[in-house]
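Chain and residue survey
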Amino acid sequence: MTAVVPTRDPASRYRIEPTVLQALRSPRILTREVLAGLVVAIALIPEAIAFSIIAGVDPRLGLFSSFVMAVAIAFLGGRPAMITAATGAIALVIAPVAREYGMDYFIATVLLGGVIQVVLAVLGVAKLMRFIPRSVMVGFVNALAILIFISQFPQLIDVPWLVYPLVVVGLLIMYLMPLVTRVVPAPLVAITLLTAAAVVFGLNVPTVGDQGDLPESLPELFIPNVPLTWETLGIIFPFASAMAVVGLLESLMTAKLVDDITDTHSRKTREALGQGVANVLSGAFGGMGGCAMIGQTMINVKASGARTRISTFLAGIFLLILVLVLGDIVAVIPMAALVAVMIVVSVATFDWHSIRLSTLKRMPKSETLVMVVTVAITVWTHNLAIGVGVGVVAAMVLFARRVAHFVSVSRHVDESQQTARYTVDGELFFASSNDLTTLFEYSHDPEQIVIDMSRSHVWDASTVAALDAIQTKYEHLGKTVTFEGMNDATTKFHGRLSGGLGNGH
């Protein structure tokens, strides 16, 4: 008797546990989520200030943007525990607007960028994630780890010597603490102890307060004063569209990374929509916009063990409380403590397995090359979107090159029936069909030619054009060509295009 296995509810595929309700009922999980949110909020402050400086705007814009986006994405996003805030990638893309046209155009760009993201989400752009190969994903992760590490250099060069022992102590705390207990996140312990040491002993080291002024009031609604003309659209649209694409790419790649780490599935389309709405809200309150933050997400998910939306929501709330209410305390946190946290994050993010000798020996050379190209371009340009884009193109070219060699044509001549029979074997598309016309013995074949297509499939117009060219060459020699064995899809496709591509009959 055959057992009937019930089909799995599709919605359960996206059910991520623990849920918010489960976390609220469990003191242990809730404590972990709250402390994780606090650690992320502390780490967000200097980053948001630094990215504001990159964008050429007041540090308050970066901090407000981080607060608004973290809170918004906690409700709207498709990937629980992922952190969204002001980022360097977005700051770099839209910085020229603030520099050349002023704040009003800058905020208008953020608003339009958010709207474009919403449109792209509705159009299903998140589904394109399936076309990003694993080798590009590994390159993306490794490049992120390297960029996170490199971004700490400004805090390690031309600084008082006391910074270095503080960083080392911070690293030791974060590596040894999990061996003793995981109840309190190790990064929070490191930040607390190093801050206490710096205050008690009066250590003269760079602090969070040295990075820029903290805001003293809540964000207010901001309507950009720009003329609603085609000229204005012409100015902001290129920057807004670039912001939208870069933001979605980074966010969806980060969501996929968190999926892999937690062995769960996220709703990519909902995440794309949430990113767009969060950017619109950020711009509406005078924020600079942003996207998912890989460093802070890794602090939240890997270092602190957070798994729910509670940590993301509280990261935004704690950020606002820290800068408005506890600004004086936050200002004395030594940057060395945050540098130590980010170094641990970079080491944890890097896929060390991908560069082991045993892995490199087993992996196809083309896959390794794609990974290296992705890493190199990303680190060189400091732009994850460009690195991933080049990596995907490289993977496509190398894949097409490999597949092109999988097509073969065998020939059998039946002298009694004056017939030459060719069997085409493989997937036929532009890369594999370019040389197809050279694999036939036109002048040496008898009067009747049969081309058996039962072991092949026609995928594009280039192949149809190649088949037309083969048939034309034979007909010029007074010979008859018959195609047989085509599957239904190939028959319809070939029938629709054959003879109408300009190089056939």
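For the structure given in this document, a descriptive report is provided here. (Residues numbered from 1 in each chain as written. Predicted model: local features only at pLDDT ≥ 70, side-chain atom pairs only at ≥ 80, totals over all residues. Heavy atoms only, no water.)

**Let's talk about unusual backbone geometry**
P18 follows E17 through a cis peptide bond whose omega is 5 degrees. Mapped onto the elements of the fold, P18 is located in the segment before helix 1 (20–25). Look at D158: it is not a glycine, yet its phi comes out positive at around 55 degrees. Mapped onto the elements, D158 comes out in the loop between helix 6 (134–150) and helix 7 (163–180). Phi angles above zero are rare outside glycine, and D263 is one such case at about 55 degrees. A relative accessible area of 71% places D263 in the exposed class. (Helix = DSSP H or I, 4+ residues; strand = E, 2+ residues; numbered from the N terminus. Buried < 20%, exposed > 50% of the residue type's maximum accessible area, 1.4 Å probe, protein only.)

**Description of the layout of surface pockets**
Considering only enclosed or pocket space, the largest pocket measures out at about 780 Å³ in volume. Lining the largest pocket are 31 residues, and of these E47, F51, G88, L147 and S151 lie nearest its centre. At the level of elements, helix 2 (27–55), helix 4 (88–101), helix 6, helix 11 (294–303) and helix 14 (335–349) are the ones that each hand at least two residues to the lining of the largest pocket. Residues belonging to the lining of the largest pocket are distributed by class as follows: 20 nonpolar, nine polar and two charged. There is about 510 Å³ of room inside the second largest pocket. Lining the second largest pocket are 23 residues, and of these P178, R182, K302, A303 and S304 sit closest to its centre. Elements with a minimum of two residues in the lining of the second largest pocket: helix 2, helix 7, helix 8 (186–200), helix 11 and helix 14. For the lining of the second largest pocket, a count of residues per class yields 15 nonpolar, four polar and four charged. (1 Å grid on protein atoms, 1.4 Å probe; cavity = no way out; pocket = protein on both sides within 12 Å on 5 of 7 lines; lining within 4 Å. Points joined across faces, edges and corners; volume = space filled by probe spheres on them. Nonpolar A, V, L, I, M, F, W, Y, C, P; charged D, E, K, R; others polar.)

**A closer look at the sheet that holds strand 3 (residues 408–414)**
What the four strands build is an open sheet, ordered 3-4-5-6; its pairing is mixed. Edge strands, defined here as strands with exactly one partner in the open sheet, are strand 3 and strand 6 (480–484). Each adjacent strand pair in this sheet contributes to an overall mean axis angle of 20 degrees, direction not counted. Two strands pair when backbone bridges link them, and strand 5 (residues 448–458) and strand 6 are joined in this way by five bridges, in the parallel orientation. Across the sheet, residue I449 finds its bridge partner in strand 6, namely V481. Contacts from helix 19 (residues 461–476) reach strand 4 (419–428), strand 5 and strand 6, with the element oriented near 175 degrees to strand 5. (Pairing = 2+ DSSP bridges. Axes fitted to C-alpha atoms, helices over the stretch in contact; angles between N-to-C directions. Contact = heavy atoms within 4.5 Å.)

**With respect to the pairing of strand 3**
Bridging between strand 3 and strand 4 involves seven bridges; their strand directions are antiparallel. By the bridge assignment for strand 4, S410 is matched with T423. In this structure, the hairpin formed by strand 3 and strand 4 is closed by a connection of four residues, where Q418 is found at a positive phi of approximately 50 degrees.

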